[in-house]
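# A structural walkthrough
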Amino acid sequence: YNAARVADSSVWRELQDYRAQAEFELNQLKNDWIEEARNKVLDAMAGIPESLNAAGLDQGLEDELAEPLNEWLENLESVTGLSEIANLSTDASRLVFGLDLRIKQKVAENRPPPSPQKPVEQVRVQSYFLRPRISGVEEWERLVAKLDSKVKEILKSGKDVELV
């Protein structure tokens, strides 16, 4: 009985209409996913000069940094599978994250090497100020002079001073 109903021309037309509508909506959804992913990548590419400037890097790096994004955009139209299209936004986000990492890597490459650490000697300030109250300017200057002398002595020996 049901097979006979499907064979009925009005039922068949209705099924075909539903199918066409579903295909139309699916194609619209696929186009939206593609466009969303494309826009993520294009926005990231447009922001490269600003990112380079903020990081103090040469603007000549723009082409090198944009290359993976350009390749991805060139291959975008060849993506046809529904699951691949649905994942394009995630792929685009990974590309943008990778771009950020490459910029950070370039910054690290251009950073001067850190200077070697000097040894550190601690100076207890409290040992120079035995009393919590200071009564006059002369007393203050005498205490500061002792502390100043000790700090200068340590600095001249090539060490850093940490006041504790």
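Structure report, in brief. (Residues numbered from 1 in each chain as written. Predicted model: local features only at pLDDT ≥ 70, side-chain atom pairs only at ≥ 80, totals over all residues. Heavy atoms only, no water.)

Before going further, it helps to spend a moment on the overall build of the protein chain. Broken down by element type, the protein chain carries 7 helices and 2 strands. Written out in order from the N terminus, the α and β elements of the protein chain read α-α-α-α-α-α-β-α-β. Relative to a compact globule of 164 residues, whose C-alpha radius of gyration would be 15 Å, the protein chain shows 35 Å and is clearly more extended. Dimensions along the principal axes, computed over C-alpha positions, put the protein chain at roughly 110 × 40 × 25 Å. Per-residue burial for the protein chain yields a buried fraction of 21% across its 164 residues. In the protein chain, once contacts between residues fewer than 6 apart in sequence are set aside, the share between residues at least 24 apart is 67%. For the protein chain, the exposed area adds up to about 12300 Å²; of that, 52% sits on carbon and sulfur atoms. (Helix = DSSP H or I, 4+ residues; strand = E, 2+ residues; numbered from the N terminus. Rg over C-alpha atoms; globule rule 2.2 N^0.38 Å. Buried < 20%, exposed > 50% of the residue type's maximum accessible area, 1.4 Å probe, protein only. Contact = heavy atoms within 4.5 Å. Areas by Shrake-Rupley, 256 points an atom, 1.4 Å probe, with all protein chains shown as cover.)

Taking 1.5 Å of rise per residue, 20 residues should cover 28 Å, and helix α7 (residues 137–156) covers 28 Å from first to last C-alpha, within 8% of that figure. Considered for burial, the residues of α7 that qualify are E139, L143, L147, V151 and I154. Viewed end-on, α7 has its buried residues packed into an arc of 95°, placing them on one side of the element. Exposed and oriented more than 90 degrees from the buried face of α7 are V137, E138, E141 and K156. Summarising the contacts, the buried residues of α7 are in contact with β1 (120–123) and β2 (160–163). Positive phi appears at G158, one or two residues downstream of α7, with a value of about 90°. (Expected span 1.5 Å × (residues − 1). Arc of directions from axis to C-beta.)

Once that is clear, we can look at the pattern of salt bridges. Within this structure, the stated rule accounts for 8 salt bridges. R19 is the salt-bridge partner of E23, the closest N and O atoms lying 3.1 Å from each other. Taken together, the positions of E23 and R19, both in helix α2 (residues 9–46) and 4 residues apart, correspond to about one turn of that helix. In this structure E23 comes out as partly exposed when scored by relative accessible area, which is 38%. Where D148 meets K152, a salt bridge forms, and the shortest distance between an N and an O atom there is 3.1 Å. Of this pair, D148 and K152 both sit in helix α7, 4 residues apart, which is roughly one turn of that helix. Look at D148 and you get partly exposed, because its relative accessible area is 35%. Beyond isolated ion pairs, a larger network of salt bridges with shared partners links E35, R38 and E77. (Salt bridge = Lys/Arg side-chain N within 4 Å of Asp/Glu carboxyl O.)

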